[in-house]
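Structure assessment
Each chain, written out:
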Amino acid sequence: MTLLEIATILAARDGKPEPTNGEDFAAYNIPMFAGCQYCGETLAVYNAHPQHNGYVSCKQCSRAPFVDMEEWEARQELEASAHDSTQEEAHDDDNYVHLR
Ligand SMILES: [Zn+2]
């Protein structure tokens, strides 16, 4: 799945139209632009594929993408519960996309 697909599904659940600008995506903690973890290519929501390791990558480099919303949301819940019990981890890497 791409970040755009995820944001579109989340927006639809809220009864909103397809997100189109930074503000729309920010509402779901989704950045409009990111860099591929592996090759460094600049990605926008439509070609950014979030990976299970928390980073995003382009389609070519994608190794462990989320295949559906169920998988995506299971990961979000896992992260949320991890954050309840531990201090927020500091990620110095700008390309780390912390999605909730
Ligand atoms: Zn890449």
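Everything here concerns the structure above.
To keep things clear, this report deals only with the structure shown in the data block. If you're wondering where the values come from, they're calculated on a predicted model, not measured in any experiment. Every chain is numbered independently, its residues counted from 1 as its sequence is written. Reporting of local features is limited, given that this is a predicted model, to residues whose pLDDT is at least 70; pairs of side-chain atoms are given and counted only at 80 or more, and all residues count toward the totals for whole chains, interfaces and linings.

Once that is clear, we can look at the overall build of the protein. A run of H or I in DSSP counts as a helix once it spans at least four residues, and a run of E counts as a strand once it spans at least two, with each numbered from the N terminus. Along the backbone of the protein there are 3 helices and 4 strands. Counted from the first residue to the last, the protein has its helices and strands arranged as α-α-β-β-β-β-α. Expressed as a percentage of the 100 residues in the protein, the buried residues total 21%. Working definition of a contact: two residues with C-beta atoms, positioned from the backbone, lying within 7 Å. Long-range pairs, those at least 24 residues apart, make up 37% of the contacts in the protein with a sequence separation of at least 6. With C-beta atoms placed from the backbone, the exposure class of a residue follows from how many other C-beta atoms lie within 10 Å of its own: 20 or more, buried; 12 or fewer, exposed; in between, partly exposed.

Nonpolar side chains tend toward joint burial in soluble globular proteins. Leu3, Ala7, Ile30, Val45, Ala48 and Val56 are the most contacted members of the largest nonpolar core, which has 15 residues in total. Ranked by the residues each element gives to this core, the list is headed by helix 1 (residues 3-13), at 3 residues. Excluding its chain neighbours within four sequence positions, the residues that come into contact with Val56 are Leu3, Ala34, Cys36, Gln37, Leu43, Ala48, His49, Pro50, Gln51 and Val97. We define the nonpolar core as any set of buried residues of the types Ala, Val, Leu, Ile, Met, Phe, Trp, Tyr and Cys, connected via C-beta atoms lying within 7 Å of each other.

On the secondary structure map, Asn21 appears in the loop between helix 1 and helix 2 (22-26). Judged by C-beta crowding, with 8 C-beta atoms within 10 Å, Asn21 ranks as exposed. On a C-alpha basis, the gap between Asn21 and Met32 in space is 7.7 Å, while along the polypeptide they are 11 residues apart.

On the secondary structure map, Glu5 appears in helix 1. Residue class for Glu5 comes out partly exposed when judged on the 16 C-beta atoms lying within 10 Å of it. Along the primary structure Glu5 and Ala48 are separated by 43 residues, whereas in three dimensions their C-alpha atoms are 9.9 Å apart.

We now examine helix 1. Along helix 1, the residues that are buried comprise Leu3, Ile6 and Ala7. On an axial view of helix 1, the arc spanned by its buried residues comes to 95°, and they lie on one face. Gly15 sits one or two positions beyond helix 1 and adopts a positive phi of about 75°. When we speak of the arc, we mean the arc of directions from the helix axis to the C-beta atoms.

With that out of the way, let us pick up unusual backbone geometry. Residue Asn29 is not a glycine yet carries a positive backbone phi of 60°. Overall, Asn29 belongs to the partly exposed group, with 13 C-beta atoms counted inside 10 Å.

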